[in-house]
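The chain contents come next:
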Amino acid sequence: MARMAAQLVLLLVAVAWQSSVASDAHCQAGYGYAPNSSTCAQCGAGTWSGEDSTECTRCIPGTWSAVAGAGSQSTCTKCSVGTWGSQEGSPTPDSCQKCPAGSWGGAEGLGSLEQCTKCSAGTWSSEEGATDDSVCSACPAGTWNGVTGSNNRTHCIDCS
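Read on for an overview of the structure. (Residues numbered from 1 in each chain as written. Predicted model: local features only at pLDDT ≥ 70, side-chain atom pairs only at ≥ 80, totals over all residues. Heavy atoms only, no water.)

**A few points about the overall build of the protein chain**
In terms of regular secondary structure, the protein chain is built from one helix and 14 strands. When burial is assessed residue by residue, the protein chain has 30% of its 160 residues classed as buried. Sequence-distant contacts, at least 24 apart, represent 44% of the contacts inside the protein chain between residues at least 6 apart. Total accessible area on the protein chain stands at roughly 9,700 Å², and carbon and sulfur atoms take up 55% of it. (Helix = DSSP H or I, 4+ residues; strand = E, 2+ residues; numbered from the N terminus. Buried < 20%, exposed > 50% of the residue type's maximum accessible area, 1.4 Å probe, protein only. Contact = heavy atoms within 4.5 Å. Areas by Shrake-Rupley, 256 points an atom, 1.4 Å probe, with all protein chains shown as cover.)

Shown next as structure tokens:
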């Protein structure tokens, strides 16, 4: 009887061990394995993980998230129109920077400075964070500039 009880205890321990291994094989949404570990830990701000994931994924450039334990990429908020952000895994909107003077950003979620559209040659703008090309002013009559992305009227020179 004692031997049967011992075997039953061993069997229960083995089943419990298998259950813990199976449940630790993947983490619940919003969690991923901690570095150098097989223990699930909550994803930090700027990251997310779906159900049955083993790691937290960084929000892509042009987005940010202040949510810790995010369970989907939809928590990554796009940088607003007129701004861009190149940082992966940003936890704050501070990583979104205004498109510089001489350019504009017409869409949310721009992931690089190069995605800001430069004012065309013959125009200029001193406004940062512009959202459309209406900010680009034509050089005064009798002047011209051959530069795209001009940020100052003084770049318009006499045609003569």
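Okay, back to it.
**Quick notes on the pattern of salt bridges**
One pass over the full model with this rule turns up one salt bridge. With a closest N to O distance of 3.8 Å, Arg58 and Glu88 form a salt bridge. Of the two residues, Arg58 sits in strand β4 (residues 57-58) while Glu88 sits in the loop between β7 (83-84) and β8 (97-98), which places them 30 residues apart along the sequence. Arg58 gets classed as exposed once you look at its relative accessible area, which sits at 54%. (Salt bridge = Lys/Arg side-chain N within 4 Å of Asp/Glu carboxyl O.)

**A few points about unusual backbone geometry**
If you check the backbone angles, Asn36 has positive phi at about 55 degrees while not being a glycine. In this structure, Asn36 sits in the loop between β1 (31-33) and β2 (40-42). For Asp52, which is not glycine, the phi torsion reads 65 degrees and is therefore positive. Structurally, the position occupied by Asp52 is in the loop between β3 (47-48) and β4.

**Observations regarding the environment of Gly32**
Topologically, Gly32 is positioned in strand β1. Taking the C-alpha atoms as reference points, Gly32 and Gly44, 12 residues apart in sequence, are found 9.8 Å from one another.

**What to know about the state of the cysteines**
The tally for this structure, following the rule as stated, stands at seven disulfides. Disulfide partner of Cys43: Cys56, at an S-S distance of 2.0 Å. Negative torsions about the S-S bond denote left-handed disulfides, and the value of about -90 degrees found for Cys43 with Cys56 makes this one left-handed. Here Cys43, found in the loop between β2 and β3, pairs with Cys56, found in the loop between β3 and β4; they are 13 residues apart in sequence, far enough to count as distant. (Disulfide = S-S within 2.5 Å.)

**Points about the side chain of Thr123**
For Thr123, the position within the fold is in strand β11 (residues 123-124). The exposure class assigned to Thr123 is buried, which follows from its relative accessible area of 13%. There is a polar contact of 2.5 Å between the side chain of Thr123 and the backbone oxygen of Ser120. Not counting the four nearest positions on each side in its chain, Thr123 is found in contact with Cys136, Ser137, Ala138, Cys139, Asn145 and Ser150. (Polar contact = N/O pair within 3.5 Å; in protein donor to acceptor, adjacent residues only side chain to side chain.)

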